[in-house]
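Okay, here's what each chain looks like letter by letter:
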Amino acid sequence: MTDDAAEVLNAFRAYTEPRDGLAGDNSFKVACSFDEPATDVEIASAWPGAEVPGELAQVWSTSRQSRLFEDVDYGQWGLVLLSPEGAAERTMQERGQRSGDCRDDDVVIGEFLGDQELVVFAPSEGDGRRVLVALPMDDRPDWYSAAPASPSSWIAT
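Residues numbered from 1 in each chain as written. Predicted model: local features only at pLDDT ≥ 70, side-chain atom pairs only at ≥ 80, totals over all residues. Heavy atoms only, no water.

Draft legend 1. Quick peek at the pairing of strand E7 (residues 131-134). Burial of E7 is two-sided: the residues Val 131 and Val 133 facing one way and the residues Leu 132 and Ala 134 facing the other way are all buried. The pairing of strand E6 (residues 118-121) with E7 spans 4 bridges and is antiparallel. Bridge assignment links Val 119 to a residue of E7, and that residue is Val 133. Here E7 runs beside strand E8 (residues 144-147); their pairing, made up of 3 bridges, is antiparallel. (Buried < 20%, exposed > 50% of the residue type's maximum accessible area, 1.4 Å probe, protein only. Helix = DSSP H or I, 4+ residues; strand = E, 2+ residues; numbered from the N terminus. Pairing = 2+ DSSP bridges.)

Draft legend 2. Examining the sheet that holds strand E2 (residues 29-34) more closely. With antiparallel pairing, the 8 strands of this open sheet are ordered in space as E1-E2-E3-E4-E5-E6-E7-E8. Among the strands making up the open sheet, the edge pair consists of strand E1 (19-20) and E8. Note that strand E4 (residues 79-81) and strand E5 (residues 107-112) share 3 bridges and pair antiparallel. Its bridge partner lying in E5, Leu 81 is registered against Gly 110.

Draft legend 3. Structural view of the nonpolar core. Among the nonpolar cores identified, the biggest contains 35 residues, and Leu 9, Trp 47, Trp 60, Leu 68 and Val 107 are the most heavily contacted of them. If near-sequence neighbours (up to four positions away) are discounted, Trp 60 is found in contact with Pro 37, Ala 38, Ile 43, Trp 47, Val 52, Leu 82, Ser 83, Pro 84, Ala 87 and Val 107. (Core = buried A, V, L, I, M, F, W, Y, C linked by side-chain atoms within 4.5 Å. Contact = heavy atoms within 4.5 Å.)

This is the structure in structure tokens:
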């Protein structure tokens, strides 16, 4: 497994053409799509006064926003890795609505299509819970751990 988030994200470029059945029993036709890379200025302006974790800057410098394994026929399945601006907006929204669950250094980095779950990069989380799946009705202790370390290990799983 690589530690380079950009390398792992780039590996998904092999899936830009729609394919059937990529996800086990899933019969949906799915594909990945990628925006142009975000600039350093764009990333910094989306997060004024905040230090952007290197893993996230790496992902955004590879693709401003990515849509991974999206159901191309119905749009009801897949994962959107948010742009720097989109992540900042969604993070602020979640901090306002769920102040008891969100920490100051949490960053909402993704949204599942067709569901309300969010992907949260949580640098200060302990016990190997750096990337979390935030459930809409559950408190933080019940959020799933998606990866023990960084987005690169999460994307690779």
